[in-house]
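# Remarks on the overall topology
So you can see what is in the structure, the chains are spelled out below.
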Amino acid sequence: MDTLEQARAEIDAVDAQLAALFERRMAAVLSVAQYKQAHGLPIFDAAREAVVLEKAAARIQNAALRPYYKDHVQNMMNVAKQYEAEVLGRNRAAYQGVEGAFAHIALRALFPHAEAVSCPTWDEVFDAVSRGDTAHGVVPFENSHAGDVSAVLDLCYNHPELWVVDVYDLPISQNLLVLPGTQLAQLRHVYSHQQAIAQSETFLKQFRLPATAMPNTAMAAKFVAESGDPSKAAIASAETAALYGLEVLVPSINTDGDNTTRFIVLSREKPTAGNRFSLLFTLDNKPGKLAEVIQVIGRFGYDMESIKSRPLPHVPFDYYFYVELVGDPSADETAALLRELDHTCRTVRLLGVYTK
């Protein structure tokens with residue numbers, strides 16, 4: 001047996017032991033899940049995870065291997081949370097659109113073992129989470145090329161019972177999808193989500209192709225596939241082409257080569273730990289009030305990565321604001337910041353806590 005075969009034999013022997021230990025660990029996870037169910041406890045315990053990771057690192061003698069082992073333990077805890085979610089009946093996650101939509105792709109990356117629940121609109125995703133029909137919802141929040149998804153931000157404002165508990169950045173490659181054998185010269189019309197159309201504007205203008213907005217990219221692909229019309233094309237992902245029997249006629253037609261969409265994860269459970277947090281606030285319509293808020297945030301030492309304004313629902317020419325801050329939401333300084341903002345703002349609300 002040569003050196004390579006010996007090493008592989010050793011790995012196989014260790015893997016056999018790990019498999020038995022994995023089953024033993026998941027049996028303990030099941031007991032934890034049953035305890036949480038009986039006592040109404042959340043699945044995610046940030047403080048517990050932090051302690052487990054530090055203990056894990058301390059057990060490894062080879063310092064070079066510690067970060068890798070921490071990743072391994074983090075992955076095990078992620079798998080355990082997914083198993084707990086299934087045991088507790090909290091393994092359903094909602095998204096807008098049909099299979100193959102970018103939201104569906106993001107959901108699968110975030111919750112690979114969850115039951116994906118399709119909703120026709122973003123409003124219905126929020127409602128599904130709010131009612132408890134699903135444990136989570138995955139919706140697009142902003143795009144690096146086309147900007148923020150204003151309707152989703154408005155839904156966040158209108159659903160104070162929901163929290164943003166995670167974010168996921170999905171690199172987006174928009175492709176021109178057609179029926180098999182179709183040539184570019186045959187095309188007369190393109191269908192996609194408005195964001196995808198905006199991201200592909202330069203290409204569409206170059207070939208003088210008019211575009212019609214649809215609820216999402218996968219629905220557009222499904223529509224083109226079912227139409228049987230070679231004059232129609234869709235803008236969507238390569239994964240969607242495979243799902244609906246279409247061909248990628250022109251890949252990567254988005255204007256911005258670094259096109260990325262940020263998705264947010266909604267939950268009824270209040271998040272407890274992360275390195276970012278977001279706020280929604282309103283102000284009296286007086287000179288300098290927004291500047292005062294920004295000064296308060298700066299005085300407490302928080303880096304403001306994002307600020308957005310949106311019209312207040314049913315209040316003409318009045319606005320609410322969204323900010324994303326870098327920092328530990330559980331720190332004493334954050335509590336002090338929120339108390340100060342409570343005096344400065346008309347209303348202020350913690351929207352989300354997450355790590356990125």
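The residue count restarts for each chain, going from 1 along the sequence in the order it is written. Local features in this predicted model are restricted to residues whose pLDDT is 70 or higher, and side-chain atom pairs enter the listing and the counts only when it is 80 or higher, whereas totals over whole chains, interfaces and linings include all residues. Water and hydrogen atoms play no part in the side-chain values, which are based on all heavy atoms of the structure.

Of note, Ser-267 is situated in strand β11 (residues 260-267). Given the relative accessible area of 5%, Ser-267 is considered buried. Pairing of N or O atoms within 3.5 Å defines a polar contact, subject to two protein rules: one partner must be a possible hydrogen donor and the other a possible acceptor, and residues neighboring in sequence count only if both atoms are side-chain atoms. In this structure the side chain of Ser-267 is engaged in a polar contact, spanning 3.0 Å, whose partner is the backbone nitrogen of Glu-269. Contacts are residue-level and defined by heavy atoms, with any inter-residue pair within 4.5 Å sufficient. Filtering out sequence-adjacent residues up to four positions away, Ser-267 remains in contact with Val-129, Ala-135, His-136, Glu-161, Leu-162, Trp-163 and Val-165. Numbering of helices and strands runs from the N terminus; a helix is a DSSP stretch of H or I covering at least four residues, while a strand is a stretch of E covering at least two. Only protein chains enter the accessibility calculation, which uses a 1.4 Å probe; a residue whose area is less than 20% of its type maximum is buried, one above 50% is exposed, and one in between is partly exposed.

Here His-314, not a glycine, exhibits a phi torsion of approximately 65 degrees, which is positive. Structurally, His-314 is set in the loop between β13 (303-311) and β14 (319-326). One non-glycine residue, Phe-317, lies in the positive phi region at around 60 degrees. Within the secondary structure, Phe-317 sits in the loop between β13 and β14.

Glancing now at the UniProt feature "site: Essential for prephenate dehydratase activity" (unreviewed entry) in the chain. As annotated by UniProt and renumbered to match this structure, "site: Essential for prephenate dehydratase activity" (unreviewed entry) occupies Thr-261. Mapped onto the fold, Thr-261 is located in strand β11. Judged by its relative accessible area of 9%, Thr-261 is buried. Filtering out sequence-adjacent residues up to four positions away, Thr-261 remains in contact with Pro-140, Glu-142, Asn-143, Tyr-168, Asp-169, Leu-170, Ile-172 and Gln-199. UniProt positions are given in the numbering used here, feature names are shortened, and annotations may be inferred rather than shown by experiment.

Let us now look at the environment of Leu-65. Structurally, Leu-65 can be placed in the loop between α2 (46-59) and α3 (66-87). Separated by 15 residues in sequence, Leu-65 and Ala-50 have C-alpha atoms that sit 18 Å apart.

Just to be clear on terms, a salt bridge is a Lys or Arg side-chain nitrogen sitting within 4 Å of an Asp or Glu carboxyl oxygen. Counted by the stated rule, this structure contains 19 salt bridges. Measuring nitrogen to oxygen at the nearest pair gives 2.9 Å for the salt bridge that ties Glu-49 to Lys-81. A residue pair is termed long-range when its members are at least 10 positions apart, and Glu-49 in helix α2 and Lys-81 in helix α3 qualify at 32 residues. Residue Glu-49 is classed as buried on the basis of its relative accessible area of 11%. Of the charged contacts in the structure, one is a salt bridge between Arg-276 and Glu-305, with a shortest N-O distance of 3.1 Å. Here Arg-276, found in strand β12 (residues 276-282), pairs with Glu-305, found in strand β13; they are 29 residues apart in sequence, far enough to count as distant. Note on Arg-276: relative accessible area 13%, which makes it buried. The exposure class of Glu-305 is partly exposed, given its relative accessible area of 39%. Sharing partners across several salt bridges, the network here consists of Glu-142, Asp-169, Arg-262 and Lys-308.

Before going further, it helps to spend a moment on the sheet that holds strand β9 (residues 232-236). Through backbone hydrogen bonds, the strands of a sheet pair up, either in parallel or in antiparallel fashion. An order of β8-β7-β9-β6-β10 is seen for the five strands of this open sheet, with the pairing classed as mixed. Only two strands of the sheet have a single neighbouring strand rather than two, namely β8 (211-213) and β10 (247-250). Neighbour-to-neighbour, the strand axes of this sheet turn through a mean angle of 35 degrees, independent of strand direction. Bridge analysis of strand β7 (residues 189-192) against β9 gives three bridges, and the strand direction is parallel. Opposite Tyr-191, over in β9, you have Ala-234 as the bridge partner. Axes here refer to lines fitted to C-alpha atoms; in helices the fit is confined to the stretch in contact. Angles between the N-to-C directions go from 0 to 180 degrees. Contacting β6 (175-178), β7 and β9, helix α9 (residues 217-227) runs over the sheet at an angle of about 155 degrees to β9. Between any two strands, at least two bridges found by DSSP are needed for them to pair.

With that settled, consider the environment of Asp-127. Turning to its location among the elements, Asp-127 is positioned in helix α5 (residues 122-131). As a C-alpha pair, Asp-127 and Gln-174 span 47 residues in sequence and 29 Å in three-dimensional space.

Right, let's talk about α2 for a bit. Over its 14 residues, α2 extends 20 Å from the first C-alpha to the last, a length consistent with the 20 Å expected when each residue adds 1.5 Å. Among the residues of α2, Ala-46, Glu-49, Val-52, Leu-53, Ala-56 and Ala-57 are the ones counted as buried. Projected onto a plane normal to the axis of α2, the buried residues spread over an arc of 135 degrees and lie on a single side. Projecting away from the buried face of α2 at angles above 90 degrees are the exposed residues Ala-47, Arg-48, Ala-58 and Arg-59. Here the expected length of a helix is defined as 1.5 Å per residue gap, with one fewer gap than residues. Directions from the helix axis toward the C-beta atoms define the arc.

Domain start and stop positions are those given by an automatic or database domain assignment. Per the domain assignment, the segments making up the chain are domain 1 (3-88), domain 2 (92-165), domain 3 (175-253) and domain 4 (271-355). For domain 3 versus domain 4, the separation of C-alpha centres amounts to 40 Å.

Here we come to the nonpolar core. Among buried residues, the Ala, Val, Leu, Ile, Met, Phe, Trp, Tyr and Cys ones that are joined through side-chain atoms within 4.5 Å form a nonpolar core. In terms of nonpolar packing, the biggest core is built from 26 residues, with Phe-126, Val-139, Val-152, Ile-264 and Tyr-322 touching the most fellow members. Of the residues forming this core, the biggest block, five residues, is contributed by α5. Counting contributing residues, this core receives three or more from each of domain 2 (92-165) and domain 4 (271-355). Counting 17 residues, the second-largest nonpolar core is a separate cluster that includes Phe-277, Ile-297, Leu-325 and Leu-341.

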